[in-house]
Amino acid sequence: MIRPASEIEFPPSEALCTKARMIARMERLSGSVDGLMGVIAQRVTAEEAEYLEEIQALTAEQERLIDNMRRILRS
């Protein structure tokens, strides 16, 4: 990020050095979180494909039960 001349200190103050270190740590942490979320997304997608038939069967059973409950309520 380019800073205007009015914000540039030389030598940099301790506060600016601390702020720069904090920003660098936050950027590394953000990158780590993004990487972790990518891995989790891949694993969930892989498991989803593995259990797709079972998920579809359970969803169909759930729909059947809901239909039964609606029929009971109407009678």
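Quick note: structure is the one above.
In this report, the structure presented in the accompanying data block is examined. Chains are numbered independently. Their residues run from 1 in the order of the written sequence. In keeping with the model being predicted, local features are shown solely for residues with a pLDDT of at least 70 and side-chain atom pairs are shown and tallied solely at 80 or more, while totals for entire chains, interfaces and linings include all residues. Values reported for side chains reflect all heavy atoms of the structure, with hydrogen atoms and water molecules removed beforehand.

## A closer look at the overall build of the chain
Here comes step 1: Scanning the chain for helices and strands turns up two helices and zero strands.
Here comes step 2: Restricting the calculation to C-alpha atoms gives the radius of gyration, and the globule rule supplies 2.2 Å times the number of residues raised to the power 0.38. For 75 residues, the compact-globule estimate of 2.2 N^0.38 gives 11 Å, and the chain exceeds it by more than 25% at 27 Å.
Here comes step 3: In terms of its C-alpha atoms, the chain occupies a principal-axis envelope of roughly 80 × 30 × 20 Å.
Here comes step 4: Partly exposed residues are those whose accessible area sits between 20% and 50% of the maximum for their type, while under 20% is buried and over 50% is exposed, using a 1.4 Å probe and protein chains only. For the chain, with 75 residues in total, the buried portion stands at 0%.
Here comes step 5: All accessible-area figures derive from a Shrake-Rupley calculation using a 1.4 Å probe, and residue coverage is judged against the displayed protein chains alone. Of the accessible surface of the chain, which amounts to about 7100 Å², a share of 62% is contributed by carbon and sulfur atoms.
Here comes step 6: For the purpose of charge, His is not counted, nor are the chain termini; Lys and Arg are scored as positive and Asp and Glu as negative. By convention, the point assigned to a charge is CZ for Arg, NZ for Lys, CD for Glu and CG for Asp. Each charge class in the chain was averaged separately, 10 positive and 13 negative side chains, and the resulting centres sit 6 Å apart. We count a stretch as a helix when DSSP gives it H or I for four or more residues in a row; a strand needs E for two or more, and each element gets its number in order from the N terminus.

## Considering the pattern of salt bridges
Here comes step 1: Definition used for salt bridges: Asp or Glu carboxyl oxygen within 4 Å of a side-chain nitrogen of Lys or Arg. Throughout the structure, instances matching the rule amount to three salt bridges.
Here comes step 2: Across the pair E14 and R21 runs a salt bridge whose closest N-O atoms are separated by 3.3 Å.
Here comes step 3: Look at R21 and you get partly exposed, because its relative accessible area is 42%.
Here comes step 4: A salt bridge links D67 to R70; the shortest N-O distance between them is 3.8 Å. Of this pair, D67 and R70 both sit in helix 2 (residues 52-74), three residues apart, roughly one helical turn.

## Remarks on a nonpolar patch on the surface
Here comes step 1: Any residue with relative accessible area above 30% and no salt bridge may belong to a patch, with like charges joined within 9 Å and the nonpolar Val, Leu, Ile, Met, Phe, Trp and Tyr side chains within 5 Å. A cluster of nonpolar side chains, contributed by L29, V33, L36, M37, I40 and V44, occupies part of the molecular surface with about 550 Å² of accessible area.
Here comes step 2: Here L36 shows up in helix 1 (residues 14-50).

Interpretation in functional terms is not warranted from these geometric data alone.
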